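Letter by letter, the chains look like this.
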Number of protein chains: 4
Amino acid sequence: MTRLHVPVALRWSDLDAYQHVNNVEMFRLLEDARITAFWRHADAPADDAWPTAVLDTGPHATSHTLVARQEIEYLRPLGFTRTPVRVEMWIGHLGGASLEVCYEVHDGPVAGRTGPSPGGAPYAKAATTIVVVDAATEKPRRISADERAAWEPYVEEPLTFRRRR
Amino acid sequence: MTRLHVPVALRWSDLDAYQHVNNVEMFRLLEDARITAFWRHADAPADDAWPTAVLDTGPHATSHTLVARQEIEYLRPLGFTRTPVRVEMWIGHLGGASLEVCYEVHDGPVAGRTGPSPGGAPYAKAATTIVVVDAATEKPRRISADERAAWEPYVEEPLTFRRRR
Amino acid sequence: MTRLHVPVALRWSDLDAYQHVNNVEMFRLLEDARITAFWRHADAPADDAWPTAVLDTGPHATSHTLVARQEIEYLRPLGFTRTPVRVEMWIGHLGGASLEVCYEVHDGPVAGRTGPSPGGAPYAKAATTIVVVDAATEKPRRISADERAAWEPYVEEPLTFRRRR
Amino acid sequence: MTRLHVPVALRWSDLDAYQHVNNVEMFRLLEDARITAFWRHADAPADDAWPTAVLDTGPHATSHTLVARQEIEYLRPLGFTRTPVRVEMWIGHLGGASLEVCYEVHDGPVAGRTGPSPGGAPYAKAATTIVVVDAATEKPRRISADERAAWEPYVEEPLTFRRRR
């Protein structure tokens, strides 16, 4: 039951006319959390590595990812706060060439990068299916042993969406 | 089988580093199509009315909408084009205080504002559940008879998502 | 006195809480107009070429551009309209490795891609200094004879900014 | 020589295809810093007040601001960093109904909310002229004594832009 805990700072421009984070911007927050956790950034100092960050970033990376599917339920409006929100993430399914990332958006603060969820009612629940792709061919490629080893500790039950018709 | 056909122009800033419309920006295109079709804009000339546009917009509107849920499947990458894309929309469910808007994103051009779908493989399929809310109380309110009459001609079978786990 | 006339469609998400195009989004509109006019897009049909579009786009282009400087005066608020706005553009200075693009944002429609300005009070006046850069070295490179020939017909007096301190 | 020091976290989506913060997004960072410093947010705890935050925010505020003018020089490319950047701000001119906010964008971290600049070469220098407006009439209104008292300690020499033509 170990999750990733990624802080994401809000911006005023995330708000809509009702002073709530806009529904599209919520996906932007999730994207930012996901990239922070999974993509290794060349300029990050070595001691700043995320436990799951084994994909290379930038124009010379040999792999990239495609988003195949997303689903979200907005449970209560998220207003502006200067404290970064805490995006809790885990892997709901780890397949041959794809994985499903699950998220819950909570009030911060964030104690560490991984750990159990402190619980509480989230603002939103979401899931993204991402496919790992060879950058040259843009075809799916198998998840490597290194990637699988980095990601397996974060595999948990996938989210259940309650409002699906 | 009548759908709404809303043109949405792409912007260069919608593209990611791989020259495809970013997965988050795709929701922005859907939002733009949905607001065009459903919200009446005070400054629009009378002959520019969309058949479904019965909700008032702006800071003095008595109602607004909340997005409760979204789901999308990205079927093939959408590259840049100067021709606006055609967002086909219909209502997959019309409830007491909420409706589910279904979308397919296709290549343009758009012949008219409503009509049957010309078919073809979409870039993406998506659905948004929106709740109509009283602006003063932020509580859901019943869809009015006028709104229901405007929206009923566009009720069709809801989308089936194939990649749901 | 020939200008480029580039239509740019607004989006609802460009608006701020006061229903005016947000000051940052205005730069997004200008960026879109500038890229449309100056960058050749691989997927555009041959008869869709802009007269000034001689820079290649995409990850394999040998050149790209850096923005060195921008300046804008917002003269009156731009509200939402379904008709694309008309961004009038010209070149206020054509240097050895850089050019200054000048803009005025007007109500559409747009009759053609080039021509004199029909006049009228703009919503905003702006200028961007862009430097042409070798993609491999990221150093400025000289504007080529072909580029200069494509751009010279659009050189006009630069904008005068009235509110500079 | 006291400046405001506002941390602003970058997002991956701020980056362009060259892995630098996009020129338009840089204005988004400045906007976020400016609103943090000048606008009082109803939900912020009392001990979280910024020294200059005397303008009320939200749909019921009696005043708002219009941006009349902006100018920026991009001095060197800003790549991605997980440490928030430090936006140093001061007031270059405090007029009857308007003020000019000046900015320099530096590497973080940020030691406190106000203080002298530690110096160093900025990524960008910019200025924004904002006009304080009565929310009901949308006309400029005089800066109040309270506002002036809050802002005067941050008045410094305005920025000099070196690349103006």
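Predicted, not measured: the structure shown is a model, and the values here were computed from it.

Here is what the cut-offs are and how they apply
Residues numbered from 1 in each chain as written. Chains lettered and ligands numbered in written order. Predicted model: local features only at pLDDT ≥ 70, side-chain atom pairs only at ≥ 80, totals over all residues. Helix = DSSP H or I, 4+ residues; strand = E, 2+ residues; numbered from the N terminus. Rg over C-alpha atoms; globule rule 2.2 N^0.38 Å. Buried ≥ 20, exposed ≤ 12 C-beta atoms within 10 Å, placed from the backbone. Contact = placed C-beta atoms within 7 Å. Nonpolar A, V, L, I, M, F, W, Y, C, P; charged D, E, K, R; others polar. Pairing = 2+ DSSP bridges. Axes fitted to C-alpha atoms, helices over the stretch in contact; angles between N-to-C directions. Parallel < 35°, antiparallel > 145°, perpendicular 65-115°, else oblique. Least-squares fit on C-alpha atoms with pLDDT ≥ 70 in both. Expected span 1.5 Å × (residues − 1).

Draft legend 1. Region of interest: the overall build of chain A. Helix and strand counts for chain A stand at 2 helices and 8 strands. Helices and strands in chain A line up, N terminus first, as β-α-β-β-β-β-β-β-β-α. For 165 residues, the compact-globule formula gives about 15 Å, and the C-alpha radius of gyration of chain A, at 16 Å, lands near that figure. Along the first, second and third principal axes, the C-alpha set of chain A runs to 45 × 40 × 30 Å. Going through the 165 residues of chain A one by one, you find that 42% of them count as buried. Contacts in chain A between residues at least 24 apart in sequence constitute 71% of all its contacts with a sequence separation of at least 6.

Draft legend 2. The environment of Glu-31 of chain A, seen in detail. Mapped onto the secondary structure, Glu-31 of chain A falls in helix α1 (residues 23-38). Residues Glu-31 of chain A and Thr-128 of chain A lie 97 residues apart in sequence; the distance between their C-alpha atoms is 9.3 Å. Once residues lying within four places of it in the same chain are set aside, the contact partners of Glu-31 of chain A are Val-24 of chain B together with Trp-12 and Ser-13 of chain D.

Draft legend 3. Spotlight on the interface of chain B and chain A. Counting from both sides, the interface comprises 23 residues of chain B and, opposite them, 23 residues of chain A. For the side of chain B that touches chain A, the secondary-structure elements that each account for two or more residues are α1 (23-38) and β4 (63-74) of chain B. Sort the elements by how many residues they give to the side of chain B that touches chain A and β4 of chain B lands first, with 9 residues. Grouping the amino acids of the side of chain B that touches chain A by side-chain chemistry returns 10 nonpolar, 5 polar and 8 charged. Direction of pairing for strand β4 (residues 63-74) of chain A relative to β4 of chain B: antiparallel, over a ladder of 5 bridges. Residue pairing across strands places Glu-73 of chain A opposite Arg-69 of chain B, the latter belonging to β4 of chain B.

Draft legend 4. Structural view of the sheet that holds strand β5 (residues 85-94) of chain C. As summarised here, the arrangement of the 12 strands in space is β7(C)-β1(C)-β5(C)-β6(C)-β8(C)-β4(C)-β4(D)-β8(D)-β6(D)-β5(D)-β1(D)-β7(D), forming an open sheet in which the pairing is antiparallel. The open sheet terminates on both sides in strands that have one partner only, identified here as β7 (114-115) of chain C together with β7 (114-115) of chain D. Across 11 bridges, the pairing between strand β4 (residues 63-74) of chain C and strand β8 (residues 124-134) of chain C is antiparallel. For Gln-70 of chain C, the partnering residue across the bridge sits in β8 of chain C and is Thr-128 of chain C.

Draft legend 5. Examining the packing of helix α1 (residues 23-38) of chain C against helix α1 (residues 23-38) of chain D more closely. With their axes 9 Å apart at the nearest point, α1 of chain C and α1 of chain D run at an angle of 175° to one another. The orientation of α1 of chain C with respect to α1 of chain D, classified from their angle, is roughly antiparallel. Seen from α1 of chain C, the contacting residues are Val-24, Phe-27, Arg-28 and Glu-31 of chain C; seen from α1 of chain D, they are Val-24, Phe-27, Arg-28 and Glu-31 of chain D. Along the lines of polarity and charge, the residues of the contact of α1 of chain C with α1 of chain D split into 4 nonpolar, no polar and 4 charged.

Draft legend 6. Just the relation of the copies chain B and chain A, in detail. Once turned by 180° and shifted 0.0 Å along the axis, chain B lies on chain A with an RMSD of 0.0 Å. Expressed as an axis order, the relation between the two copies is that of a two-fold axis. Among all residues of chain B, the one whose C-alpha sits closest to the rotation axis is Glu-71 of chain B, at a distance of 2.1 Å. The share of interface residues of chain B whose copies in chain A are also at the interface is 100%, consistent with both copies meeting through the same surface.

Draft legend 7. Molecular detail of α1 of chain C. A rise of 1.5 Å per residue sets the reference length of α1 of chain C, with its 16 residues, at 22 Å; its end C-alpha atoms lie 23 Å apart and thus fit the reference within 8%. In terms of burial, α1 of chain C is largely enclosed, as 15 of its 16 residues are buried.

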